[in-house]
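The lines below spell out each chain.
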Amino acid sequence: MEWHKLLSLKRFGDTQERPRKAQDETRLGFEVDYDRIIFSSEFRSLQDKTQVMPLPIHIGSGRNFVHTRLTHSLEVSVVGRSLGRKVGIELLKKYPELSTDLGYRFNDFGTITAAAALAHDIGNPPFGHSGEKAIGNFFASGLGKQYKNFLTDSEYQDLVDFEGNANGLRLLTASRKGIPGGLRLSYATLGAFVKYPKASLPKKPTKHISDKKYGYFQSEKDFFDALANDLGLLKKTAGDNPSYHRHPLVYLVEAADDICYTIIDFEDGINLGLIPEDYALEYMIKLVKDSINTNKYHEMESVSDRLSYLRALAINTLINEAARVFMENETAILNGTFDCALLDKSTYKAQIEDIINLCVNKIYQSKEVVEKELAGYKIIENILEHYCEAVLNAKGNQAGSYDRLLLGTLPDHLKDVDKSVYELLLGVCSFVAGLSDSAAVKLNNTLTGKHL
């Protein structure tokens, strides 16, 4: 792969090139990407979507803040920006023609990474990762299984293995009446967004990390193929649904996400009393031992202040580490021979795994999280049952008065029953995935007649 292609400023529908040297330095194209994402309604909905904990536990204790998808995404974006800038400085040293001939600056790498990181969770359903599983379970073993015969194998796999990453690409690029190309982000930002550049089938064709999940639905296949071709992404496999090697900046977006959920979920767990504070120093000292000022640490009176200090040091350590691993393996990344996450090659891998394992035991499997996931399963299942039946009844000219009432609550672009069964079902799934936690609860209560 070649950086001058990977840094493409092209947008959907462009008929002319967008050279970097012609950009307005006061508002670069990559900065426009960031702005379009942050002002989108899809991004705003993340403020009421669960990251891990469903709600504060210690009300009134001063320790009741938990991260939502929105705060998590903002933090991942900040870390991604720093990572991109650090790597950008080194890449321009290695490839000076990118700057001298084409006009790229080190900040461009940071802005692309920050924009992609900002959007990395934009397609995720309510109720955390269990939301994805709930949608898939509805079609795999629930009432949605009856629709299998109306779908191709790949279309059915999109539904039974519903993927927030693929839904994110759909949201960012979906054309609607008067809005061709969705947000019309630059191809560089879209490339850095697609963590798993493959379709839902075949599943895991290789052991490469980019084949772990999938990154686009069949509805976006043609667009993704054009995107991959324009960026010069390398193919890993052939066939109708080829698997591609990642855009290199995906590794930085992934590292930013890994850093944030590892360190900040750990911090949340301590703030909420799920993990003893003593564990903070015990587990994090190995990450910050070269930078911590122990006198300063012990002078801080509040738990929150001490944790914030350790978190800042730990994140900075891992940013530097991820940037180092990226540059040491940059040639292999461009050639497609680097097959794991950056932090898997980190000298701190063991320490990171210890923190993650503790979070799994103390946070992710806590009573509050499990109860939220259980409720989320039933809520999503119920909403899907009603809406899938309504849109397909309408398609078959069998809609009753209740179906018509339901259809009236859908966005206009989802009411076109001339679409295929696949497009209608996927549209309903995307609609449900776009609901915030409280909106899903309210809608479910309405459908079940629990409140007006």
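Cut-offs applied
- Residues numbered from 1 in each chain as written.
- Predicted model: local features only at pLDDT ≥ 70, side-chain atom pairs only at ≥ 80, totals over all residues.
- Heavy atoms only, no water.
- Helix = DSSP H or I, 4+ residues; strand = E, 2+ residues; numbered from the N terminus.
- Axes fitted to C-alpha atoms, helices over the stretch in contact; angles between N-to-C directions.
- Parallel < 35°, antiparallel > 145°, perpendicular 65-115°, else oblique.
- Left-handed = near helix turned anticlockwise from the far one by under 90°.
- Contact = heavy atoms within 4.5 Å.
- Nonpolar A, V, L, I, M, F, W, Y, C, P; charged D, E, K, R; others polar.
- Phe/Tyr/Trp six-rings, centres within 6.5 Å; stacked < 30°, edge-to-face > 60°.
- Buried < 20%, exposed > 50% of the residue type's maximum accessible area, 1.4 Å probe, protein only.
- Lys NZ or Arg CZ within 6 Å of the ring centre and 35° of its normal.
- Salt bridge = Lys/Arg side-chain N within 4 Å of Asp/Glu carboxyl O.

Description of unusual backbone geometry
Cis geometry marks the peptide bond from leucine 201 to proline 202, where omega comes out at -5 degrees. On the secondary structure map, proline 202 appears in the loop between helix H10 (187-193) and helix H11 (221-231). At arginine 184, a residue that is not glycine, the phi angle is positive and equals roughly 50 degrees. Note that arginine 184 resides in the loop between helix H9 (164-173) and H10.

Focus on the packing of helix H2 (residues 29-38) against helix H6 (residues 106-118)
Their axes nearest at 8 Å, the elements H2 and H6 cross at an angle of 20 degrees. Taken as axis vectors, H2 and H6 run roughly parallel relative to one another. Crossing geometry of H2 relative to H6 is assigned as left-handed. For the pair H2 and H6, the contacting residues are Phe30, Glu31, Asp33, Tyr34, Ile37 and Ile38 in the first and Asp108, Thr111, Ile112, Ala114, Ala115 and Leu118 in the second. Counted by class, the contact of H2 with H6 contains 8 nonpolar, 1 polar and 3 charged residues.

Thoughts on the packing of helix H12 (residues 249-271) against helix H13 (residues 278-288)
With their axes 11 Å apart at the nearest point, H12 and H13 run at an angle of 160 degrees to one another. The angle between H12 and H13 places the two elements in the roughly antiparallel class. The way H12 lies across H13 gives a crossing that is left-handed. Between H12, through Ile263, Phe266 and Ile270, and H13, the contact on the second element is made entirely by Tyr279, Ala280, Tyr283, Met284 and Leu287. When the residues that make up the contact of H12 with H13 are grouped by side-chain class, the tally is 8 nonpolar, no polar and no charged.

Topic: the packing of aromatic side chains
Applying the stated criterion across every chain yields a total of 11 aromatic pairs. Ring geometry for phenylalanine 138 versus phenylalanine 139: centroids 5.0 Å apart, planes at 85 degrees, classification edge-to-face. Phenylalanine 138 sits in the buried class, given a relative accessible area of 2%. With a centroid separation of 6.1 Å and 50 degrees between ring planes, the pair formed by phenylalanine 266 and tyrosine 283 is classed as tilted. Here phenylalanine 266 is found in helix H12, whereas its partner tyrosine 283 is found in helix H13, with 17 residues between them in sequence. By way of ring pairs, the aromatic residues Phe12, Tyr187 and Phe223 are connected into one cluster. Against the face of tyrosine 251 rests arginine 246, its NZ or CZ located 4.9 Å from the ring centre.

Describing the pattern of salt bridges
Scanning the model with the defined rule gives 23 salt bridges in all. Linking glutamate 25 and arginine 20 is a salt bridge whose minimum nitrogen-to-oxygen distance equals 2.9 Å. On the accessibility criterion, arginine 20 (3% relative accessible area) is buried. Ionic pairing is found between aspartate 108 and arginine 20, a salt bridge with its closest N-O pair at 2.7 Å. Placement of aspartate 108 in helix H6 and of arginine 20 in the loop between helix H1 (3-6) and H2 is noted, with a sequence separation of 88 residues between them. Residue classification places aspartate 108 among the buried positions, given a relative accessible area of 1%. One network of salt bridges, in which partners are shared, links Asp14, Arg18 and Arg184.

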